[in-house]
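A closer look at the structure
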Amino acid sequence: MTRFIHETSRKQINVPKVLEFSWLREENLTEERTLLKHKKLKSFLEMTGNVYPDLVKVFYSNLEQDGKNLVFYVKGVKLKITREIWSSVGGIKYSGLKVSKGNTAEMQGFNKMQFYRSCVRNPTEPVARFHAGNLTLIPRLLAHIITWQLTPRGSNHDVLHEEDLILLHCIMNQLKVN
């Protein structure tokens, strides 16, 4: 109970956002739709349903990792979320490159600055921060989906982190990512 009070109870839960693939079709954004479908993200991005923020907070305050499984307790009963359960719920498979911030060795020749410059409207402009607003249409829309839905955060969705650029690179180049 003390872990819940001190670590989780005051944190704000991000309300899930939903992307409707029919909207992408209606707006003739076929390239974005194809790139997202290739990543098998359609079912995950279109998930809807009720959200219970208090239950989410209690869930996270009781969450532990046991090897490759997530473990939590409900009324003293130990429950496990295995990779198989997680992939069946979210429709996401555990396969592909294992990349993260500082671990891009599996992505041959990836350079975040070169990649960002290849996506901006004015590549000669000096770069102080990786702003999504400077990107051309397709990368900007994908960056918005990444920062709002795939890796949501509380604020400042306009500035792209290294992890966002890695994921954007993988989606645009149709690389499978774990």
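Residues numbered from 1 in each chain as written. Predicted model: local features only at pLDDT ≥ 70, side-chain atom pairs only at ≥ 80, totals over all residues. Heavy atoms only, no water.

**Here we look at the pairing of strand β3 (residues 77–81)**
Sheet topology places strand β2 (residues 69–74) next to β3; five bridges connect them, and they run antiparallel. Looking across to β3, one finds that Tyr73 is bridged to Lys78. Linking β2 to β3, which pair antiparallel, is a turn of two residues; within it Lys75 sits at a positive phi near 50°. (Pairing = 2+ DSSP bridges. Helix = DSSP H or I, 4+ residues; strand = E, 2+ residues; numbered from the N terminus.)

**Quick notes on a nonpolar patch on the surface**
Judged by side-chain polarity, Val74, Val77 and Leu79 come together as a nonpolar surface patch covering roughly 220 Å² of accessible area. Among the structural elements, Leu79 can be located in strand β3. Relative accessible area serves as the criterion here: at 34%, Leu79 is assigned to the partly exposed category. (Patch = residues over 30% accessible without salt bridge, like charges linked within 9 Å, V, L, I, M, F, W, Y side chains within 5 Å. Areas by Shrake-Rupley, 256 points an atom, 1.4 Å probe, with all protein chains shown as cover. Salt bridge = Lys/Arg side-chain N within 4 Å of Asp/Glu carboxyl O. Buried < 20%, exposed > 50% of the residue type's maximum accessible area, 1.4 Å probe, protein only.)

**Digging into the sheet that holds strand β1 (residues 64–66)**
Reading across from one edge, β1-β2-β3 is the order of the three strands in this open sheet, with antiparallel pairing throughout. Strands with a single pairing partner mark the edges of an open sheet, and in this sheet they are β1 and β3. If you compare each strand with its neighbour and ignore which way they point, the axes differ by 40° on average. Here β1 pairs with β2 via three bridges, running antiparallel. Residue pairing for β2: Asp66 is matched across the bridge by Asn69. (Axes fitted to C-alpha atoms, helices over the stretch in contact; angles between N-to-C directions.)

**Thoughts on the side chain of Asn69**
Looking at the element boundaries, Asn69 is found in strand β2. Filtering out sequence-adjacent residues up to four positions away, Asn69 remains in contact with Glu64, Lys80, Ile81, Thr82 and Arg83. (Contact = heavy atoms within 4.5 Å.)

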